[in-house]
Amino acid sequence: VQTLVSNELNKLKRNFYFRIMEKLEIRQEILSALDQLSKKQLKHLLIFIQSLLYRKADKEHGIMRLAGTIDKEDLKLMEAAIEDGCEQIDSNEW
């Protein structure tokens, strides 16, 4: 019985060690990849990570959590696209 318990304990220790090493390796790969991203990409990544962390915590406020997270440059592009595409009348459409 003592040998069985000892074997099981050793398995648990190995599994724990490998899970920690795997997590550290993933973290290292992420850190390496971060160096290759632009500032804009890093901002988008941060927003994505925050959404993963807070998705369950704050469902009541929904989309309001994202207020202020879109770059001003992107907002200007969106506004221009809306003005160009939505403020035109096509008399042949109907």
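Residues numbered from 1 in each chain as written. Predicted model: local features only at pLDDT ≥ 70, side-chain atom pairs only at ≥ 80, totals over all residues. Heavy atoms only, no water.

## Remarks on the overall build of the chain
A tally of helices and strands in the chain yields three helices and zero strands. Going residue by residue from the N terminus, the α and β elements of the chain occur as α-α-α. Here the chain holds 94 residues, and 3% of them are scored as buried. Of the accessible surface of the chain, which amounts to about 9400 Å², a share of 59% is contributed by carbon and sulfur atoms. (Helix = DSSP H or I, 4+ residues; strand = E, 2+ residues; numbered from the N terminus. Buried < 20%, exposed > 50% of the residue type's maximum accessible area, 1.4 Å probe, protein only. Areas by Shrake-Rupley, 256 points an atom, 1.4 Å probe, with all protein chains shown as cover.)

## Points about the pattern of salt bridges
In the structure shown here, the tally under the stated rule is two salt bridges. Across the pair Lys40 and Asp74 runs a salt bridge, and its minimum N-O distance is 2.9 Å. With Lys40 in helix α2 (residues 39-54) and Asp74 in helix α3 (residues 72-86), the pair connects residues that are 34 residues apart, well separated along the chain. Residue classification places Lys40 among the partly exposed positions, given a relative accessible area of 36%. (Salt bridge = Lys/Arg side-chain N within 4 Å of Asp/Glu carboxyl O.)

## Looking at a nonpolar patch on the surface
A cluster of nonpolar residues, Phe48, Ile49, Leu52, Leu53 and Tyr54, forms a patch on the protein surface that exposes about 510 Å² of accessible area. By the element assignment, Tyr54 lies in helix α2. A relative accessible area of 45% means that Tyr54 is categorised as partly exposed. (Patch = residues over 30% accessible without salt bridge, like charges linked within 9 Å, V, L, I, M, F, W, Y side chains within 5 Å.)

## Quick notes on the side chain of Asp71
Secondary-structure assignment places Asp71 in the loop between α2 and α3. With sequence-adjacent residues up to four places away left out, Asp71 is seen in contact with Lys40, Lys43 and His44. (Contact = heavy atoms within 4.5 Å.)

## Looking at the side chain of Asp74
The exposure class of Asp74 is buried, given its relative accessible area of 14%. For Asp74, the residues in contact, after removing those within four places along its chain, are Lys40 and His44.

## Notes on α3
With 15 residues, α3 ought to run about 21 Å at 1.5 Å a step, and its terminal C-alpha atoms sit 21 Å apart, in line with that. Where burial is concerned, little of α3 is hidden: one out of the 15 residues are buried. (Expected span 1.5 Å × (residues − 1).)

## Digging into the environment of Leu46
For Leu46, the position within the fold is in helix α2. Considering only alpha carbons, one finds Leu46 and Thr69, 23 residues apart in sequence, at a separation of 9.9 Å.

## Description of the confidence of the model for the chain
Taken over all residues, the pLDDT of the chain has a mean of 79, while the share at 70 or more is 82%. Confidence, expressed as mean pLDDT per element, reaches its minimum in the chain at helix α1 (residues 2-34) with 79 and its maximum at α2 with 87. (pLDDT = per-residue confidence, 0-100.)

## A short note on the environment of Lys43
Structurally, Lys43 is set in helix α2. In this structure the C-alpha to C-alpha distance between Lys43 and Thr69, which are 26 residues apart in sequence, comes to 8.7 Å.

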